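Now for the letters of each chain:
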Amino acid sequence: MAKAKKYAALLRGINVGGKKKVPMAELRSVLEGLGHTDVATYLQSGNAVFGSAKKDPAALARELEKAIEERFGFPVACLVVDGDYLRAVAEACPFPAAELEGRQLHATFLSDDPGADRFAAIDEAAYLPEEYRLGDRVIYLYAPDGLGRSELGVALHKPSLLKGLDATTRNWNTVVKLVELTGP
């Protein structure tokens, strides 16, 4: 039997404003029902970690999306990433993460590489001191006043820019915790 690899499932847009309610205990049950091991959730905003012998994160995401829709009656976009990827994202952060508050730094995880040309029309100077950088299927966003006040964050999430991609954002504290939970 293949050794289980650790993954994080990042669910988009659940438990926000009373819509798309997915209790974490039930999410754990769904993941266990799919045969995953060492299932745990983090916060109420759709972060779960689990072990699986399966090696295809995209197939794991599709399987989870189907199970969630069957269980709760509504679709939820899911991204599944492995612990190695999460560590690489954290290590490649172009901003001084250790010097910033977790609410100032965010990572938007993407289902595919968007290509830099997709964001070419964004006038970066117009949003200073906010900044963003593209990484491997991730957008790093430095928003000194937090995401809730970030005009650049709004610009980066326009449907025209993210068309064809699933995207979900986590603050840096959550990224760090998910790295820890999916670590060896």
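The sections below set out a description of the structure shown in this document. Just so it is clear, the model here is predicted, and its values are computed rather than measured.

Procedures and definitions
Residues numbered from 1 in each chain as written. Predicted model: local features only at pLDDT ≥ 70, side-chain atom pairs only at ≥ 80, totals over all residues. Heavy atoms only, no water. Helix = DSSP H or I, 4+ residues; strand = E, 2+ residues; numbered from the N terminus. Rg over C-alpha atoms; globule rule 2.2 N^0.38 Å. Buried < 20%, exposed > 50% of the residue type's maximum accessible area, 1.4 Å probe, protein only. Contact = heavy atoms within 4.5 Å. Pairing = 2+ DSSP bridges. Axes fitted to C-alpha atoms, helices over the stretch in contact; angles between N-to-C directions. Arc of directions from axis to C-beta. Polar contact = N/O pair within 3.5 Å; in protein donor to acceptor, adjacent residues only side chain to side chain. Phe/Tyr/Trp six-rings, centres within 6.5 Å; stacked < 30°, edge-to-face > 60°. Lys NZ or Arg CZ within 6 Å of the ring centre and 35° of its normal.

Re the overall build of the protein
Right, on to step 1. What the protein contains, in helices and strands, is six helices and eight strands.
Right, on to step 2. The secondary structure elements of the protein, listed N-terminal to C-terminal, are β-α-β-β-α-β-α-β-β-β-α-α-β-α.
Right, on to step 3. Here the C-alpha atoms of the protein give a radius of gyration of 16 Å, agreeing with the 16 Å that 2.2 N^0.38 yields for 184 residues.
Right, on to step 4. Taking the principal axes of its C-alpha atoms as reference, the protein extends roughly 50 × 35 × 30 Å.
Right, on to step 5. For the protein, the proportion of its 184 residues judged to be buried stands at 43%.
Right, on to step 6. Taking as baseline every contact in the protein between residues at least 6 positions apart, the subset at least 24 positions apart corresponds to 70%.

What to know about the sheet that holds strand 8 (residues 167-171)
The strands that make up a sheet pair up through hydrogen bonds in the backbone, lying either parallel or antiparallel.
Right, on to step 1. Within the open sheet, the four strands sit side by side as 6-7-5-8. Their pairing is antiparallel. In the strand order of this sheet, the two ends are held by strand 6 (131-135) and strand 8, each with one partner. Between one strand axis and the next, the sheet turns through 20° on average, direction left out of account.
Right, on to step 2. Note that strand 6 and strand 7 (residues 138-142) share five bridges and pair antiparallel. Looking across to strand 7, one finds that glutamate 131 is bridged to tyrosine 142.
Right, on to step 3. The sheet strands contacting helix 3 (residues 83-91) are strand 5 (105-110) and strand 7, and the helix crosses strand 7 at an angle near 35°.

Remarks on unusual backbone geometry
The phi angle of most residues is negative, glycine excepted, and most peptide bonds adopt the trans form.
Right, on to step 1. Here the residue pair leucine 128 and proline 129 is connected by a cis peptide bond, since its omega of 15° sits within 30 degrees of zero.
Right, on to step 2. Structurally, the position occupied by proline 129 is in the loop between strand 5 and strand 6.
Right, on to step 3. The backbone of aspartate 38 sits at a positive phi, close to 50°, despite the residue not being glycine.
Right, on to step 4. The residue aspartate 38 is located in strand 2 (residues 37-42) in this model.
Right, on to step 5. By relative accessible area, aspartate 38 is classed as exposed at 65%.
Right, on to step 6. Even without being a glycine, leucine 43 presents a positive backbone phi close to 60°.
Right, on to step 7. Position of leucine 43 relative to the elements: it lies in the loop between strand 2 and strand 3 (47-52).
Right, on to step 8. We classify leucine 43 as partly exposed; its relative accessible area is 45%.

Brief notes about the sheet that holds strand 3
Right, on to step 1. Here four strands make up an open sheet; going across it, the order is 2-3-1-4 and the pairing antiparallel. In this open sheet, the two strands that pair with only one neighbour each are strand 2 and strand 4 (78-82). Across the sheet, the axes of successive neighbouring strands diverge by a mean angle of 20°, strand direction being ignored.
Right, on to step 2. Contacting strand 1 (5-11) and strand 4, helix 3 crosses the sheet at an angle of about 85° to strand 4.

Focus on helix 3
Right, on to step 1. Taken as a whole, helix 3 has its buried residues at Gly83, Tyr85, Leu86 and Val89. Taken down its axis, helix 3 places every buried residue within 160° of arc, on the same side.
Right, on to step 2. On its buried face, helix 3 sits against strand 1, strand 4, strand 5, strand 7 and helix 6 (172-181).
Right, on to step 3. Between the side-chain oxygen of the N-cap and the backbone nitrogen of aspartate 84 there are 3.0 Å, and the N-cap of helix 3 in question is aspartate 82.

Re the packing of aromatic side chains
Right, on to step 1. Here the structure, examined in full by the defined rule, presents six aromatic pairs.
Right, on to step 2. Measuring from ring centre to ring centre gives 6.3 Å for tyrosine 140 and tryptophan 172, while their planes differ by 45°; the resulting arrangement is tilted. Residue tyrosine 140 is found in strand 7, and its partner tryptophan 172 is found in helix 6; the two are separated by 32 residues along the sequence.
Right, on to step 3. The buried category is assigned to tryptophan 172, whose relative accessible area is 6%.
Right, on to step 4. Geometry around tyrosine 85 places arginine 137 over its ring, the cationic atom sitting 4.3 Å from the centre.

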